[in-house]
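# Working through the structure, step by step
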Amino acid sequence: MKKILLFLLLFICFCGIIFAVRNPLYYNLNYWEDIKLHGSHLYSNVITQKGDPQEINCINNEGIVNYADTQFIWYNTELQGIFSRVEIIKDTIFLGKKRLCIGSNKNDVEKAYRSIFIKRIHDLPQNSLGYIDNNVYIVYNFDNYDKVEKIIISHGL
């Protein structure tokens, strides 16, 4: 009887380890570091770390700061406070262990976020997948060939 209990205990521990390795709590611990942004998300910090933007636009009361590979969007045209979201628009930025980027397949994105700990965002358009990961909202927009064409990262609640 003791051997059976010991075997069961070892089996449960083994299954727990396999579950932990195959189902991480997060796909990516820090999306902001992947876009090369450390510290605060204020306009002055973005400029310090990313350099001078290529262009700044104001559309529908939003301030849009354009770089070659990203767009930072503020809810106000004065660019005050932290940005509301960043949009990755070029394939020079890779996210997480699977190195998802512009041009990645939809199936690869779904596999990367397949975990009971990562919540999926519902009610998105058919050509989008969204997740809440590590208190960060991330949305992947796909083209007609199910390739990522834009990645949107925003602050969680």
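Anything mentioned here points back to the structure above.
Residues numbered from 1 in each chain as written. Predicted model: local features only at pLDDT ≥ 70, side-chain atom pairs only at ≥ 80, totals over all residues. Heavy atoms only, no water.

To continue, consider the sheet that holds strand S5 (residues 119-121). The sheet built from eight strands is open, its strands ordered S1-S2-S3-S4-S8-S7-S6-S5 with antiparallel pairing. Pairing within the sheet leaves two strands with one partner each, and these edge strands are strand S1 (55-59) and S5. Averaged over all pairs of adjacent strands, the angle between strand axes in this sheet comes to 20°, irrespective of strand direction. As judged from the seven bridges shared by strand S7 (residues 136-142) and strand S8 (residues 148-155), these two strands associate in the antiparallel manner. In the strand pairing of S8, Asn141 is matched with Lys150. In the packing of helix H3 (residues 43-50) onto the sheet, the strands contacted are S1, strand S2 (62-66) and strand S3 (70-74), and the crossing angle to S3 comes to about 165°. (Pairing = 2+ DSSP bridges. Helix = DSSP H or I, 4+ residues; strand = E, 2+ residues; numbered from the N terminus. Axes fitted to C-alpha atoms, helices over the stretch in contact; angles between N-to-C directions. Contact = heavy atoms within 4.5 Å.)

What follows deals with H3. Restricting attention to buried positions, one finds in H3 the residues Asn45, Val46 and Ile47. Each element contacted by the buried residues of H3 is listed here: S3. Once H3 ends, the next one or two residues include Gly51, with phi positive near 90°. (Buried < 20%, exposed > 50% of the residue type's maximum accessible area, 1.4 Å probe, protein only.)

Turning our attention to the packing of aromatic side chains. Think of a pair of aromatic rings as described by two things: how far the centres are apart, and how the planes are tilted against each other in angle. In this structure the tally under the stated criterion is eight aromatic pairs. When the centroid spacing of 5.7 Å and the interplanar angle of 70° are considered together, the rings of Tyr43 and Trp74 count as edge-to-face. With Tyr43 in helix H3 and Trp74 in strand S3, the pair connects residues that are 31 residues apart, well separated along the chain. For Tyr43, a relative accessible area of 24% corresponds to the partly exposed category. Look at Trp74 and you get buried, because its relative accessible area is 0%. With 4.3 Å between their ring centres and 5° between their planes, Tyr113 and Tyr131 make a pair best called stacked. With a gap of 18 residues between them, Tyr113 in the loop between helix H4 (106-112) and S5 and Tyr131 in strand S6 (residues 128-133) connect regions that are remote in the sequence. Using a relative accessible area of 2% as the deciding quantity, one classes Tyr113 as buried. Tyr131 sits in the buried class, given a relative accessible area of 4%. One aromatic cluster is present, built from ring pairs that chain together Trp32, Tyr43, Tyr67, Phe72, Trp74 and Phe83. Lying over the aromatic face of Phe94, Arg99 brings its terminal NZ or CZ to 4.1 Å of the ring centre. (Phe/Tyr/Trp six-rings, centres within 6.5 Å; stacked < 30°, edge-to-face > 60°. Lys NZ or Arg CZ within 6 Å of the ring centre and 35° of its normal.)

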